[in-house]
Amino acid sequence: MEDIRAVFEKKFGAPAEAVFSAAGRVNLIGEHVDYCGGKVLPAALTLKCRVAVRKNGLNRLRAAATDIPDFADLDLSDLSRYRGLKWGSYSAGVADEMQKAGYHLVGCDILYECTVPFGSGLSSSAAIEVATAYALARLGENPIDKPRLAVLCQRAENRYCGVNCGIMDQFASANGRAGHAILLDCETLAFEYIPLDLQDCALVIANCNKPHSLVASKYNERREEVEEALRIVRGRFEVSNLASVTPEQLEACRADMPEVIARRARHVVNECARVRESVRVLRAGDLPAFGKLLDASHRSLRDDYEVTGPELDALAEAAWAAPGCLGSRMTGAGFGGCTVSLVRRADVERFIAEVGERYRDRIGYGAAFYVAQIADGIIDEGNV
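Model, not experiment: these values are computed from the prediction. (Residues numbered from 1 in each chain as written. Predicted model: local features only at pLDDT ≥ 70, side-chain atom pairs only at ≥ 80, totals over all residues. Heavy atoms only, no water.)

**Student:** Can you walk me through helix H8 (residues 259-283) in this structure?
**Tutor:** Because an α-helix packs 3.6 residues into every turn, residues spaced three or four apart end up facing the same way. If you check H8, its first and last C-alpha atoms are 36 Å apart, about what 25 residues at 1.5 Å a residue would give, namely 36 Å. Positive phi shows up at glycine 285, right after H8, with a value of about 75 degrees. (Helix = DSSP H or I, 4+ residues; strand = E, 2+ residues; numbered from the N terminus. Expected span 1.5 Å × (residues − 1).)

Structure representation (structure tokens):
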């Protein structure tokens, strides 16, 4: 692959000034609870979005990518008119939210190179957004507040791009730390780093290669369902969010809930408990116990939240039967995307071969596998 700096000079006719990157993420556990105010446990990956940038002396943001011919030329004084762009809406949305928040932006050229697989559930969108936000903040000589940048990127995806996502993806992309997971309270944004000692194990990510779109999926429908569950619970109890509801409170409201709404709420309540238990067993170094929690999370997402689908179930079930696998679950929004599996390092090659074969036999096409490395979220590669 040609270096991003060389591609930048070809596309824009001048050398880049700096290169930055922001990471994709894997959520280890705590799925579909971020927008319910729950705690999640993501980690940033070496899969990332890199951006090469330079000031252009114009009041325009000119954006291109290394691997596609699309080009966006955005007027910084009228960013609201780019919502319908096929490519470039993430850049426009981030710039729009940053301006509204008082950031000083300068016109610049920006080239994207993304190694986070699109539609994989590893948050390529968040990596693109955070890389954009960090680059714009640096070029405009603004103070750097990574949690705040994450919130602005989430707003861009919610308000500008029309995806009602929670804060987890952008927060992990901006604040990830090598060798650690982030225990993030999505209600308060309080967070702490949890050392991730995998001992003799590795995290293996399997991409089912079924493209998905959060906008086109039932993601927003699930949000409406858990909001309905919260409304019902609040009719009897004072609770701040669905993640704070106890199993006893949920059971007390069971008769007032339609069956589907009750199952959605049950997943959220039980998944929040699994996050708490995961932190405990990881701190104790009990990886087999963590693996069992991964399995239980997938079953809950399959049966109660119904966001897995044939492809993700095929991957998880093949992993459960494979040698050296301590646990496996879907990660991300679902309806396509990836699973994450905890696998003994000595068995990784055999695991990939057997899971890949079983998946192809069942689904009819192959999956892609990555042995995950946990990395820093934002990396400043410095001036070119």
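**Student:** Please explain the sheet that holds strand S12 (residues 368-371) as it appears in this structure.
**Tutor:** Whether parallel or antiparallel, the strands of a sheet pair through hydrogen bonds between backbone atoms. Taken in spatial order, the four strands of this open sheet run S10-S11-S9-S12, and their pairing is antiparallel. Only two strands of the sheet have a single partner each, and these edge strands are strand S10 (325-331) and S12. Shown here is a sheet whose adjacent strand axes are inclined to one another by a mean of 20 degrees, direction ignored. Bridge analysis of S10 against strand S11 (residues 338-344) gives six bridges, and the strand direction is antiparallel. Across the sheet, residue methionine 330 finds its bridge partner in S11, namely threonine 339. Contacts between helix H11 (residues 348-363) and the sheet are confined to strand S9 (201-207), S10, S11 and S12, with S12 contributing the most and set at about 160 degrees to the helix. (Pairing = 2+ DSSP bridges. Axes fitted to C-alpha atoms, helices over the stretch in contact; angles between N-to-C directions. Contact = heavy atoms within 4.5 Å.)

**Student:** Explain the nonpolar core here, please?
**Tutor:** For soluble globular proteins, nonpolar side chains are generally found buried alongside one another. If you look at the biggest cluster of nonpolar residues, it comprises 130 residues, and the most contacted ones within it are Leu41, Val51, Met98, Leu203, Met257 and Leu342. In this structure, methionine 98 is in contact with Tyr103, Leu105, Ala133, Leu136, Ala137, Leu149 and Leu152, ignoring residues within four places of it in sequence. Listed in part, the nine residues of the second largest apolar core include Ile4, Ala16, Ala52 and Leu111. (Core = buried A, V, L, I, M, F, W, Y, C linked by side-chain atoms within 4.5 Å. Buried < 20%, exposed > 50% of the residue type's maximum accessible area, 1.4 Å probe, protein only.)

**Student:** Could you clarify how one ought to interpret unusual backbone geometry in this entry?
**Tutor:** Note: most peptide bonds trans; most residues except glycine with negative phi. The backbone of glutamate 306 sits at a positive phi, close to 55 degrees, despite the residue not being glycine. Assignment of secondary structure puts glutamate 306 in the loop between helix H9 (287-303) and helix H10 (310-320). With a phi close to 55 degrees, phenylalanine 335 is a non-glycine residue in the positive phi region. Counting through the fold element by element, phenylalanine 335 comes out in the loop between S10 and S11. Under the relative-accessibility criterion, phenylalanine 335 is labelled buried at 18%.

**Student:** What am I meant to see in the packing of H10 against H11 here?
**Tutor:** When two helices pack together, their arrangement is given by the angle between the helix axes and by the axis-to-axis distance. At a minimum axis separation of 9 Å, H10 and H11 run at an interaxial angle of 140 degrees. Judged on the interaxial angle alone, H11 and H10 are oblique. H10 and H11 meet at a crossing whose hand is right-handed. Residues Pro310, Glu311, Asp313, Ala314, Leu315, Glu317, Ala318 and Ala319 of H10 pack against Phe351, Val355, Arg358, Tyr359, Arg362 and Ile363 of H11. Split into classes, the residues belonging to the contact of H10 with H11 amount to nine nonpolar, no polar and five charged. (Parallel < 35°, antiparallel > 145°, perpendicular 65-115°, else oblique. Left-handed = near helix turned anticlockwise from the far one by under 90°. Nonpolar A, V, L, I, M, F, W, Y, C, P; charged D, E, K, R; others polar.)

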